[in-house]
Protein chains: 2
Amino acid sequence: MREALSHMLATTRGVPATPSTVMVTRGSQQALDVTARALLAPGDLVAVEALGHRGAWTAFRLAGAQLVPVPVDGEGLSVAALAALVERQPIRAVYVTPHHQFPTTTVMSQTRRAELLSLAARHRLVILEDDYDHEFHYDGRPLLPLAASDRAGSVIYMGTLSKILAPGLRSGFVVAPEPTIERIVSFRVASDIQGDHVTECAIAELFEDGELARHVRRMRCTYMARRDALVAALKRVLGEAVRFQLPAGGMALWAGVAPEIDVERWAERSLARGVAFYGARMYDFEGRYQPFARLGFTFLDEDELREAARRMATALAELPRAAHARADGSAASRL
Amino acid sequence: MREALSHMLATTRGVPATPSTVMVTRGSQQALDVTARALLAPGDLVAVEALGHRGAWTAFRLAGAQLVPVPVDGEGLSVAALAALVERQPIRAVYVTPHHQFPTTTVMSQTRRAELLSLAARHRLVILEDDYDHEFHYDGRPLLPLAASDRAGSVIYMGTLSKILAPGLRSGFVVAPEPTIERIVSFRVASDIQGDHVTECAIAELFEDGELARHVRRMRCTYMARRDALVAALKRVLGEAVRFQLPAGGMALWAGVAPEIDVERWAERSLARGVAFYGARMYDFEGRYQPFARLGFTFLDEDELREAARRMATALAELPRAAHARADGSAASRL
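What this report covers is the structure whose coordinates are included nearby. (Residues numbered from 1 in each chain as written. Chains lettered and ligands numbered in written order. Predicted model: local features only at pLDDT ≥ 70, side-chain atom pairs only at ≥ 80, totals over all residues. Heavy atoms only, no water.)

1. A closer look at the relation of the copies chain A and chain B
Turning to step 1, where the next piece is worked out: The two copies are related by a screw motion: chain A maps onto chain B through a turn of 180° and a shift of 0.0 Å along the axis, at an RMSD of 0.0 Å. The transformation relating the two chain copies, once decomposed into turn and shift, fits a two-fold axis.
Turning to step 2, where the next piece is worked out: In this assembly, 100% of the residues forming the interface of chain A have copies in chain B that are likewise at the interface, indicating an isologous arrangement. (Least-squares fit on C-alpha atoms with pLDDT ≥ 70 in both. Contact = heavy atoms within 4.5 Å.)

2. Observations regarding a negative patch on the surface
All names here are of chain A.
Turning to step 1, where the next piece is worked out: A cluster of acidic side chains, namely Glu-3, Glu-205, Glu-208 and Asp-209, defines a negative patch on the protein surface.
Turning to step 2, where the next piece is worked out: Mapped onto the fold, Glu-205 is located in helix α7 (residues 197-208).
Turning to step 3, where the next piece is worked out: Here Glu-205 falls in the exposed class, since its relative accessible area comes to 55%. (Patch = residues over 30% accessible without salt bridge, like charges linked within 9 Å, V, L, I, M, F, W, Y side chains within 5 Å. Areas by Shrake-Rupley, 256 points an atom, 1.4 Å probe, with all protein chains shown as cover. Salt bridge = Lys/Arg side-chain N within 4 Å of Asp/Glu carboxyl O. Lys, Arg positive; Asp, Glu negative; His and termini not counted. Charge placed at Lys NZ, Arg CZ, Asp CG, Glu CD. Helix = DSSP H or I, 4+ residues; strand = E, 2+ residues; numbered from the N terminus. Buried < 20%, exposed > 50% of the residue type's maximum accessible area, 1.4 Å probe, protein only.)

3. Quick word on the pattern of salt bridges
All names here are of chain B.
Turning to step 1, where the next piece is worked out: In the structure shown here, the tally under the stated rule is 34 salt bridges over all chains.
Turning to step 2, where the next piece is worked out: The residue Glu-307 makes a salt bridge to Arg-310 at a minimum N-O spacing of 3.1 Å. One end of the pair is Glu-307 and the other is Arg-310, both in helix α10 (residues 302-318) and three residues apart, which spans about a single turn.
Turning to step 3, where the next piece is worked out: Assessed through its relative accessible area of 30%, Glu-307 is described here as partly exposed.
Turning to step 4, where the next piece is worked out: A relative accessible area of 42% means that Arg-310 is categorised as partly exposed.

4. A look at the pairing of strand β13 (residues 292-296) of chain B
Turning to step 1, where the next piece is worked out: Pairing analysis gives five bridges linking strand β11 (residues 252-257) of chain B to β13(B), with the strands arranged antiparallel. Counted as the bridge partner of B:Trp254 is B:Arg294 from β13(B). (Pairing = 2+ DSSP bridges.)

5. Here we look at the packing of helix α2 (residues 27-39) of chain A against helix α6 (residues 178-192) of chain A
A pair of packed helices is characterised by two quantities: the angle between their axes and the separation of those axes.
Residue and element names in this part refer to chain A.
Turning to step 1, where the next piece is worked out: The contact between α2 and α6 brings their axes to 8 Å, and the two run at 115°. Put simply, α2 runs roughly perpendicular to α6. Handedness of the crossing formed by α2 with α6: right-handed. On α6, the residues touching Gln-30, Val-34, Thr-35, Arg-37 and Ala-38 of α2 are Arg-183, Ile-184, Phe-187, Arg-188, Ser-191 and Asp-192.
Turning to step 2, where the next piece is worked out: Classifying every residue of the contact of α2 with α6 gives four nonpolar, three polar and four charged. (Axes fitted to C-alpha atoms, helices over the stretch in contact; angles between N-to-C directions. Parallel < 35°, antiparallel > 145°, perpendicular 65-115°, else oblique. Left-handed = near helix turned anticlockwise from the far one by under 90°. Nonpolar A, V, L, I, M, F, W, Y, C, P; charged D, E, K, R; others polar.)

6. Quick notes on the environment of B:Gly74
Turning to step 1, where the next piece is worked out: Among the secondary structure elements, B:Gly74 is positioned in the loop between β4 (72-73) and β5 (76-77).
Turning to step 2, where the next piece is worked out: A C-alpha to C-alpha distance of 29 Å links B:Gly74 and B:Leu271, two positions 197 residues apart in sequence.

7. Here we look at helix α5 (residues 110-123) of chain A
Residue and element names in this part refer to chain A.
Turning to step 1, where the next piece is worked out: Across its 14 residues, α5 extends 20 Å between first and last C-alpha, which sits within 8% of the 20 Å expected from 1.5 Å per residue.
Turning to step 2, where the next piece is worked out: Those residues of α5 hidden inside the fold are in contact with β4 (72-73), β5 (76-77), α4 (79-88), β6 (91-96), β7 (126-130) and β8 (155-160).
Turning to step 3, where the next piece is worked out: Residue Arg-124 follows α5 closely and has a positive phi angle near 50°. (Expected span 1.5 Å × (residues − 1).)

8. Topic: the sheet that holds strand β3 (residues 66-70) of chain A
Residue and element names in this part refer to chain A.
Turning to step 1, where the next piece is worked out: A sheet is described by the order of its strands in space; here seven strands give the open sequence β1-β9-β8-β7-β6-β2-β3, paired in mixed fashion. What marks the edges here is a single partner per strand, and that holds for β1 (22-25) and β3. Each neighbouring strand pair of the sheet contributes to a mean axis angle of 20°, computed without reference to strand direction.
Turning to step 2, where the next piece is worked out: As paired strands, β6 and β7 are joined by four bridges and run parallel to one another. Residue pairing for β7: Ala-93 is matched across the bridge by Val-126.
Turning to step 3, where the next piece is worked out: Relative to the sheet, helix α1 (residues 2-13) contacts β1, β8 and β9 (172-175), its axis offset from that of β1 by approximately 115°.
Turning to step 4, where the next piece is worked out: Contacting β2 (45-49), β3, β6 and β7, helix α3 (residues 54-62) runs over the sheet at an angle of about 175° to β2.

9. Comments concerning the packing of aromatic side chains
Turning to step 1, where the next piece is worked out: A full pass over the atoms with the stated rule returns 22 aromatic pairs over all chains.
Turning to step 2, where the next piece is worked out: On the numbers, 6.4 Å between centres and 55° between planes, the contact of A:Tyr138 with A:Phe297 is tilted. Taken together, the residues span a long stretch of sequence, with A:Tyr138 in the loop between β7 and β8 and A:Phe297 in the loop between β13 (292-296) and α10 (302-318) at a distance of 159 residues. For the residue pair A:Tyr138 and A:Phe297, the accessibility class agrees, reading buried in each case.
Turning to step 3, where the next piece is worked out: Between B:Tyr278 and B:Tyr283, the ring centres sit 6.3 Å apart and the planes meet at 85°, which makes this aromatic pair edge-to-face.
Turning to step 4, where the next piece is worked out: What makes B:Tyr283 buried here is its relative accessible area of 8%. (Phe/Tyr/Trp six-rings, centres within 6.5 Å; stacked < 30°, edge-to-face > 60°.)

10. Description of the sheet that holds strand β10 (residues 242-243) of chain A
Turning to step 1, where the next piece is worked out: Taken in spatial order, the four strands line up as β10-β11-β13-β12 (chain A) in an open sheet, and their pairing is antiparallel. Two strands close off the open sheet at either side, each with one partner strand: β10 and β12 (278-279) of chain A.

Any functional reading would require information that these geometric values do not contain.
Right under this line is the structure:
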């Protein structure tokens, strides 16, 4: 499995992995958990994306870390804000999702990538790069991961196969320099001793006979068609209520919601109609309201996505008028 | 899976488990790891058997605990020594293997069991009961676990199915009062999100159609015959070199080795001849030499066990005479 994985990572992502620098995990959550335990001491500061992945925050906190949020914008994590932070405080590591920022789906720009690697090398900052959906890039060639350009050994690179196989089939990986991987492995052994050999053999076979690569190509086409179907349906039935850029990849749209709409209430009403999505509060480091929603498009087929958009429109129409106004009253005049 | 497991535990072991007080894990190591993380704070004192299970010690230490060894003897953990310890220091928990003490295979006496439960109830001490080989009891009926008589809610009970299925198929469980299990589950979720649904469905089916119970009965006969074959072979080819009591259950003999034999060197020589066993140093809390060996009998069939005993005798004959004497010279006069 490690041979098959490292071959795939080296040939398709430019990540210089070898069987002795890869550890297979039960999905990316275990990758985060054991890496955090191996890397962090109580009180260590870890910078995280201010809109980001709660599962990662939990793993870092359980390892004793204190988290410091760093803003994200249309180019991903603000490296300038991180640099300012690093000047003031001894930041041990930064957790980042440059490929398609989670949850906003933006691709980190090349300039920022270079700046981040250089900052990390200068300050001996560990970059925890979570490349959770590398396979799902639709427009143009995907940028190579930070790990592909890491000259200083700053990057611990992790990813998952659960998203291309099945969510119930937990399989992920960590790539790091050999001494780091050995330390991480020792924490993995203390946690559950070993991987699932049967599953790993099966997956390695899927890699080796090319079935996994074919499967990913089919999924990419399917998901791209779903993305486009959701985009068209939202424009048709929701009009000005939502605004978004077409994501170049990923598994969701990050949609801005018109100021007169309370996105969290809208999500509740939609759920009552059988359509589940989250407002931005779920992803915000401080749990604050923000007028955005993350709309996943990979679980449903094109017809289902069109039906989901219709139900979202119905739910929106049902929202009591008062709910459209934000508590600060800023949107009230627009009703 | 939780329904099938709790039904088995309630009907065959008297453990009052229900689906909401059971958590399925990836083997007993994960049960130890997540329980330790959920239960222990840095600096907490945990009492452990002075001859015991390193994997458990590692899990407790990684959760920040400090370990305090308690002697074991022919009745298992010395509850008197533990009671003296509890009077002096705030012990949070005690890890114990009462069914067949690991590695010495002794069964904890009924008197000690009652004393331990009473001590725990008085001092709000958590008992971590690891019942790792409950199925493998050969002579008489197995004693019920401590968890079956726990009126005070002191016991967190754990076990494994890996030993009856396959070592590579990690499957174990924790049973605890519901609030405790919920806390442990939250640590499990942060570690690898969920169990392996496919495997768990398969195992639940094996429980439900009675196949697992039949398999255990077959294994018990097989292992008992292997125990008896090893015992007969050791007596025949090793004579006075080893001394042991017939273990009433478990997967190994705990053999005392004559004082003129260096058991650790003997183990090395045997390994060179293809027979693997450990001397007591591996299990001693301080890593001290002790004249005992743990001889597993479940991996090999009866012919193989006889061959193993012959090779152990050859290895013993090969030991340089000097090695037979302990460094302190106490045995030298007997050569």
